[in-house]
Amino acid sequence: MSARENIAKNIENQLKNMTNPAPGVVSRVFFDIQKLAITQFPAILIVTASETQGLIQYQLRCYVRGTEVDTLRNNIVEEIEETLEVSRDRDITLSGTNIHNVTTHVASIEVIERELPLGEVVVNVNVQYTYKRGVL
């Protein structure tokens, strides 16, 4: 499996285990937020964006629903930051893959204006790694 795929799956699994707020949907497959049930919010769509020399960018498109969308967006961003901080190396060991020195950080946060009661925020996450061929 590729480094990109290993890292994306790790991010997806960790976000699925968030508790406060617990997301109703975490997916790497596009979904129509207009068709989600109220109980499926907050929802997170993980999109692998660009990669440049061992720096992979992921977009975490977070959707919330309610009357206090600013508070809901802030809460989901904080929980994502705390969740990703638990395993900044994405649980990747050199014995299991040819990548190492993996670090993760939130690069930026973008608020997307939507019609109430929906809110959206994009958490841009950078994952830096070093690729090694052969045996170390």
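Note that this is a predicted model, so its numbers are computed, not measured.

Some thoughts on the confidence of the model for the protein chain
As a note on interpretation, predicted positions should not be read in detail where pLDDT is low. The share of residues in the protein chain with pLDDT of 70 or more is 84%, and the mean pLDDT across the chain is 87. At the low end of the mean pLDDT range in the protein chain sits strand 4 (residues 99-112), at 86; at the high end sits strand 1 (residues 25-27), at 97.

Points about the nonpolar core
Formed by 23 residues in total, the largest nonpolar core has its most connected members in Ile11, Leu15, Ile44, Leu60, Ile76 and Ile80. Of all the secondary-structure elements, those providing two or more residues to this core are helix 1 (3-16), strand 2 (43-52), strand 3 (55-65), helix 2 (69-86) and strand 5 (118-131). Setting aside anything within four residues of it in sequence, one finds Ile76 in contact with Met18, Pro21, Pro42, Ile44, Cys62, Val64 and Val121. Formed by nine residues, the second largest nonpolar core is a distinct cluster that contains Val25, Phe31, Ala43 and Leu118.

Concerning helix 2
End to end, helix 2 covers 26 Å across 18 residues, agreeing with the expected 26 Å (1.5 Å per residue, within 8%). Among the residues of helix 2, those classed as buried are Val69, Arg73, Ile76, Val77, Glu79, Ile80, Thr83 and Leu84. Buried residues of helix 2, viewed axially, fall in a sector of 165°; they line one side.

Side note on the pairing of strand 2
Within a regular beta strand, the side chains point alternately toward one face of the sheet and then the other, so they alternate between its two faces. As judged from the three bridges shared by strand 1 and strand 2, these two strands associate in the parallel manner. Within the sheet, the bridge partner assigned to Val25 lies in strand 2 and is Ala43. Strand direction decides the pairing type here: strand 2 and strand 3, joined by eight bridges, are antiparallel. Counted as the bridge partner of Ala43 is Tyr63 from strand 3. Linkage of strand 2 to strand 3, two consecutive antiparallel strands, is achieved through a turn of two residues, within which Gln53 is found at a positive phi near 45°.

Quick notes on the rules
Residues numbered from 1 in each chain as written. Predicted model: local features only at pLDDT ≥ 70, side-chain atom pairs only at ≥ 80, totals over all residues. Heavy atoms only, no water. pLDDT = per-residue confidence, 0-100. Helix = DSSP H or I, 4+ residues; strand = E, 2+ residues; numbered from the N terminus. Core = buried A, V, L, I, M, F, W, Y, C linked by side-chain atoms within 4.5 Å. Buried < 20%, exposed > 50% of the residue type's maximum accessible area, 1.4 Å probe, protein only. Contact = heavy atoms within 4.5 Å. Expected span 1.5 Å × (residues − 1). Arc of directions from axis to C-beta. Pairing = 2+ DSSP bridges.

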